[in-house]
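Next come the chains, spelled out residue by residue.
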Amino acid sequence: MGDKSADVQMEDQERSAKHGHIHRVLSRKSPFADPDAFDPGQETISYLHDVAKVLVIGAGGLGCEILKDLALSGFTDIHIIDMDTIDVTNLNRQFLFRQADVGKPKAEVAAAVVNRRCGHLGVKVVHHVAKIQDYDETFYRKFNLIIA
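Residues numbered from 1 in each chain as written. Predicted model: local features only at pLDDT ≥ 70, side-chain atom pairs only at ≥ 80, totals over all residues. Heavy atoms only, no water.

Taken in spatial order, the four strands of this open sheet run β3-β2-β1-β4, and their pairing is parallel. The sheet terminates laterally at β3 (124-128) and β4 (145-147), the two strands that pair on one side only. Each neighbouring strand pair of the sheet contributes to a mean axis angle of 20°, computed without reference to strand direction. Bridging between strand β1 (residues 53-57) and β4 involves three bridges; their strand directions are parallel. If you follow L55 over to β4, its bridge partner there is I146. Relative to β3, helix α5 (residues 106-118) is tilted by about 175°, and along the sheet it contacts β2 (77-81) and β3. (Pairing = 2+ DSSP bridges. Helix = DSSP H or I, 4+ residues; strand = E, 2+ residues; numbered from the N terminus. Axes fitted to C-alpha atoms, helices over the stretch in contact; angles between N-to-C directions. Contact = heavy atoms within 4.5 Å.)

This is how it looks when you write it as structure tokens:
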């Protein structure tokens, strides 16, 4: 039987190597951050990687960029909501979409692409093909961060 603590330590080392850039930012104090609201260190890093649940509203030009940035920054529980479908005019500015995706729901395709490309980082993107009005307050209260 393998040593479970050694496995956890190896996971932490691998995560630090993959996300070292964001760990440096989250590990130091900032003159711009409220000291009561931001406490740099391992607890903050663990919260963002293991606990924080993020909702991105919109899978268009900005939504694609934000989704990519969140996944590469170490967030692992990301949801995206969009009611729109991919049009050929989206292809030049929404890099997650390809010609074969035209007509498909943006949220569904964006989630699948990020899961495929960043799944090895522990990222799980869940898509919601709907209008934001289709969900009530209880849905939105499940998230720690909502980006619109």
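And the narrative resumes.
Let us look at the pattern of salt bridges. The tally for this structure, following the rule as stated, stands at five salt bridges. For K68, the salt bridge identified is with E65, shortest N-O distance 3.1 Å. Note that K68 and E65 are positioned in helix α4 (residues 61-72) at a spacing of three residues, about one turn of the helix. According to the relative accessible area criterion, K68 is partly exposed, its value standing at 26%. Of the charged contacts, one joins D101 and K104 as a salt bridge, the two residues approaching to 3.9 Å between their closest N and O atoms. Judged by relative accessible area, D101 falls into the buried class, the value being 11%. (Salt bridge = Lys/Arg side-chain N within 4 Å of Asp/Glu carboxyl O. Buried < 20%, exposed > 50% of the residue type's maximum accessible area, 1.4 Å probe, protein only.)

Any link to function would need more than the numbers given here.
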